[in-house]
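The residues making up each chain are set out below.
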Amino acid sequence: MRALVSSSNDDGTQQLYQAAPELIIPALRPYRQRSELTTWTRDESVPGYLESRLRQYRYVAIGEFHVHGAQADAPVVRRVLALARQHGLMLHVHADADTLERFYLHDPSARILWAHAGFEGPARVAALLERHRNLWADLSMRGDIAAEGKLRPDWHSVLIKHPDRFMVGTDTYTPSRWDQVGAHARWARGWLADLPQEVAERIAWRNGEEVLTAAFIAVSNRQSAESGAQPR
Ligand SMILES: [Zn+2]
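In this report, we go over the structure that sits alongside the text. Since the structure is predicted, the reported quantities are computational estimates derived from the model, not experimental observations. (Residues numbered from 1 in each chain as written. Predicted model: local features only at pLDDT ≥ 70, side-chain atom pairs only at ≥ 80, totals over all residues.)

Observations regarding the overall build of the protein chain
Consideration 1: Along the backbone of the protein chain there are eight helices and nine strands.
Consideration 2: Against the 2.2 N^0.38 benchmark of 17 Å for 232 residues, the protein chain shows a C-alpha radius of gyration of 17 Å, consistent with a compact globule.
Consideration 3: The buried share of the protein chain, taken over its 232 residues, is 33%.
Consideration 4: Partitioning the intrachain contacts of the protein chain with sequence separation of at least 6 by distance along the chain shows that 62% fall at a separation of at least 24. (Helix = DSSP H or I, 4+ residues; strand = E, 2+ residues; numbered from the N terminus. Rg over C-alpha atoms; globule rule 2.2 N^0.38 Å. Buried ≥ 20, exposed ≤ 12 C-beta atoms within 10 Å, placed from the backbone. Contact = placed C-beta atoms within 7 Å.)

Points about unusual backbone geometry
Consideration 1: Looking along the chain, the bond that leaves S8 and enters N9 is cis, with omega of 0°.
Consideration 2: Checked against the element boundaries, N9 lands in the loop between β1 (3–5) and α1 (11–19).
Consideration 3: In this structure, E64 follows G63 across a cis peptide bond, with omega equal to -15°.
Consideration 4: The topology assignment puts E64 in strand β3 (residues 61–66).
Consideration 5: Here the phi dihedral of F119 falls at roughly 55°; this positive angle occurs in a residue that is not glycine.
Consideration 6: Tracing the chain through its elements places F119 in the loop between β5 (112–114) and α5 (122–131).
Consideration 7: Taking the number of C-beta atoms within 10 Å as the measure of exposure, F119 has 15 and is therefore partly exposed.

Section: the pairing of strand β2 (residues 24–28)
Consideration 1: Judged by how many residues are buried, β2 sits mostly within the fold: four of five residues are covered.
Consideration 2: In the sheet, β1 pairs with β2 via three bridges, with the strands oriented parallel. Residue pairing in the sheet places L4 in a bridge with I25 of β2.
Consideration 3: On the question of chirality, the crossover connecting β1 to the parallel β2 by way of α1 is right-handed.
Consideration 4: As paired strands, β2 and β3 are joined by two bridges and run parallel to one another. In the sheet register, L28 faces β3, and the bridge partner there is I62. (Pairing = 2+ DSSP bridges. Right-handed = clockwise from strand over helix to strand, strands pointing away.)

A word on the environment of P153
Consideration 1: Counting through the fold element by element, P153 comes out in helix α6 (residues 153–161).
Consideration 2: Separated by 31 residues in sequence, P153 and P122 place their C-alpha atoms 9.9 Å apart.

Here we look at the nonpolar core
Consideration 1: Grouped together as the largest cluster of nonpolar side chains are 53 residues, with contacts concentrated most on V60, A61, I62, V93, I112 and W114.
Consideration 2: Broken down by element, this core gets its largest block of residues, six residues, from helix α8 (residues 197–227).
Consideration 3: For I62, the residues in contact, after removing those within four places along its chain, are A27, L28, P30, L50, V80, L83, A84, L89 and L91. (Core = buried A, V, L, I, M, F, W, Y, C linked by C-beta atoms within 7 Å.)

Description of the sheet that holds strand β4 (residues 90–94)
Consideration 1: Taken in spatial order, the seven strands line up as β1-β2-β3-β4-β5-β6-β9 in an open sheet, and their pairing is parallel. For this open sheet the edge positions go to β1 and β9 (166–167), each flanked by a neighbour on one side alone.
Consideration 2: Direction of pairing for β5 relative to strand β6 (residues 135–138): parallel, over a ladder of three bridges. What sits directly across from L113, in β6, is W136.

Some thoughts on the pairing of β6
As a general feature of sheets, a regular strand has side chains that alternate between the two faces.
Consideration 1: A two-sided burial pattern is seen for β6, the buried positions comprising L135 and A137 on one face and W136 and D138 on the other.
Consideration 2: Between the parallel elements β5 and β6, the chain passes through α5 in a crossover that is right-handed.
Consideration 3: Bridge count for β6 against β9 is two bridges, and the pairing is parallel. Directly across from A137, in β9, lies its bridge partner F166.

Section: the environment of Y104
Consideration 1: Looking at the element boundaries, Y104 is found in helix α4 (residues 97–106).
Consideration 2: It is 10.0 Å that separates the C-alpha atoms of Y104 and N134, two residues lying 30 residues apart in sequence.
Consideration 3: Every residue in contact with Y104, bar those within four places of it in the chain, is listed here: A110 and H132.

Structural data, given as structure tokens:
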């Protein structure tokens, strides 16, 4: 079992990866500091920054990043999509459903992990999953999917219908949230227990292994072949 991790700036992710390469799957966040969350889509220095990190380190994805509405059409964002395609990377995108659709207009083949399932309701999430085969959703910060330890029936149906498309997540964007990781895991185990064991295992860890770990190994192998170097 592993964790997809990103940070602002990327040094924190690299430190974690160095400390536990068997546990950490790095994603490359376009922010050098968290305040760039609102400005990065019009910051011309972002693609060059990403390229320099991509030359030095290995990642499974670019993200998590925040995009709203027409920001998805900004030249900087389009260049980030192109970089992901060029390097065989996924995108970890914090965006609502309408914004996500703009990504697929620009690149129908984009492989996207949809952060927080876009904070959308279960019907909308299911519709997008059905429309885009290369879309997965993480359920971090989704306290609304369960009440008193039980999955809400509409979410229960969507998870059963698309057992291979969801992953649990925690959103540790600020240090104080690390203290809550244990409680969050207990909460997730509570609602996962409402599902058939096979579905619960998929959402808890198996989908992550099959999608993220497999993609990270593929990216690493590809980079090794290109550089002729040993994995670092
Ligand atoms: Zn987010």
